[in-house]
Amino acid sequence: MKGNSTLDSLTQGILGAAIAEVGFRERLGPKAIAFGALCGLLPDFDIVLNFYDPWAYILHHRGFSHALITLILLTPILGWLGYRWAKKKTSYLTWMHLTFWALITHPLLDICTSYGTQFWWPISNARLSLDAIAIIDLFYTVPLLAAILVGCIPYLSLRARRYFACSMFLFTLAYLCTGYANQEEAKNLALEQLQLDKTSIRNIRANPSLFNIWVWRVVVQDQDENIKVGMVSTWNPQMIQFYNIPNSQHPLVEKALATEKGTIFHWFASGLVTADVVEHRYGTKVFLRDQRYGLVSN
């Protein structure tokens, strides 16, 4: 999870810099790019929790630091710092404008992933998630990076660089929309097949695999909390081979899920949890698994 967060944060920094390139370089100068990148990274500073307590990280990452109210409160403070960094030569309101959009697009992009974001904290701890894009997808990141790099070419006019940046930004928006549409198609393909099997469905998720929006991991939970997992391609749809993961009825599983950590894990995994009970010479271990991610196998 640490490595994924690092790469995910890199994309967020590039997004913040791309926003500055699209709408603010002309008015605020090249410093806007670095400032936009910093603001785009800022909400992910909560990853320091992972070094203190991994469970606190699971509970709070993409929580308060990604909440709308937090980012609104930070906007005038960070905008003032940008204004001072520019030695008050440009508009404070424009720096605030850049700050807000570089900050707010961070959780909005996170909402498009499967991990989700507590956007409405402290009103709600629900993790909003659209399952539209993987946390690492170069088809999304590279066009934004290209917009920034082209913006550094001095012999191109400012207007040409801005138009290119706008086109790359619109491409990434279209990519996110396509990802969401493909996610819905992946679920529909699975539902059509499961209806033929007369499977009682309690919950279904389609999560994108890394680096693309065409291959999806479909997780289906029935009324007895048994889980089926399979892969489907929206590019070339075929019969899904589901693997069954039965819900363990062992009493220690219920005890594990009732603990504080078990409750946190169940919430984080959106209820798509399976358990393995392993007996050995020293006692019994219960392993809880988040079935939204991982390989599909027996």
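Parameters at a glance
- Residues numbered from 1 in each chain as written.
- Predicted model: local features only at pLDDT ≥ 70, side-chain atom pairs only at ≥ 80, totals over all residues.
- Heavy atoms only, no water.
- Axes fitted to C-alpha atoms, helices over the stretch in contact; angles between N-to-C directions.
- Helix = DSSP H or I, 4+ residues; strand = E, 2+ residues; numbered from the N terminus.
- Parallel < 35°, antiparallel > 145°, perpendicular 65-115°, else oblique.
- Contact = heavy atoms within 4.5 Å.
- Nonpolar A, V, L, I, M, F, W, Y, C, P; charged D, E, K, R; others polar.
- Pairing = 2+ DSSP bridges.
- Phe/Tyr/Trp six-rings, centres within 6.5 Å; stacked < 30°, edge-to-face > 60°.
- Left-handed = near helix turned anticlockwise from the far one by under 90°.

**Student:** Provide a residue-level description of the packing of helix H10 (residues 251-258) against helix H11 (residues 260-268), including the pertinent values.
**Tutor:** Running from N to C, H10 and H11 point in directions that differ by 85°, and their axes come no closer than 4 Å. If you check the angle between H10 and H11, you find them roughly perpendicular. Of H11, the residues touching H10 (which contributes Ala256, Leu257 and Ala258) are Glu260, Gly262, Thr263 and His266. Considered class by class, the residues forming the contact of H10 with H11 number 3 nonpolar, 3 polar and 1 charged.

**Student:** Run through the sheet that holds strand E2 (residues 215-222), naming residues and quoting values.
**Tutor:** What the 4 strands build is an open sheet, ordered E1-E2-E3-E4; its pairing is antiparallel. Each having just a single partner strand, strand E1 (201-208) and strand E4 (243-245) make up the two edges of the open sheet. Each neighbouring strand pair of the sheet contributes to a mean axis angle of 20°, computed without reference to strand direction. Sheet topology places E2 next to strand E3 (residues 227-233); 7 bridges connect them, and they run antiparallel. Residue Arg217 lies in a different strand from E3, and its bridge partner there is Met231. On top of the sheet, helix H9 (residues 158-196) reaches E1, E2 and E3; it is set at about 140° to E1, its chief contact.

**Student:** An account of the packing of aromatic side chains is needed here, citing residue identities and associated values.
**Tutor:** For the structure on display, the rule yields 14 aromatic pairs. In textbook terms, an aromatic cluster arises when at least three aromatic residues are bridged by ring pairs, as seen for Phe139, Phe171, Tyr175, Trp214 and Trp235.

**Student:** Describe the pairing of E3, and please don't skip the residues or the numbers.
**Tutor:** Hairpin remark: E2 followed by E3, antiparallel, with 4 residues in the connecting loop; positive phi at Glu225, about 65°. Bridge count between E3 and E4: 3 bridges; the pairing is antiparallel. Its bridge partner being in E4, Ile227 is matched across the sheet by Ile245.

**Student:** A description of the packing of helix H3 (residues 31-41) against helix H7 (residues 92-111) should follow, citing residues and the corresponding values.
**Tutor:** Two numbers describe how H3 lies on H7: the axes approach to 8 Å, and their chain directions differ by 40°. Looking at the two axes, H3 sits oblique to H7. The chirality of how H3 crosses H7 is right-handed. Of the residues in H7, those touching H3 at Lys31, Ala32, Phe35, Gly36, Cys39, Gly40 and Leu41 are Trp95, Leu98, Thr99, Ala102, Leu103 and His106.

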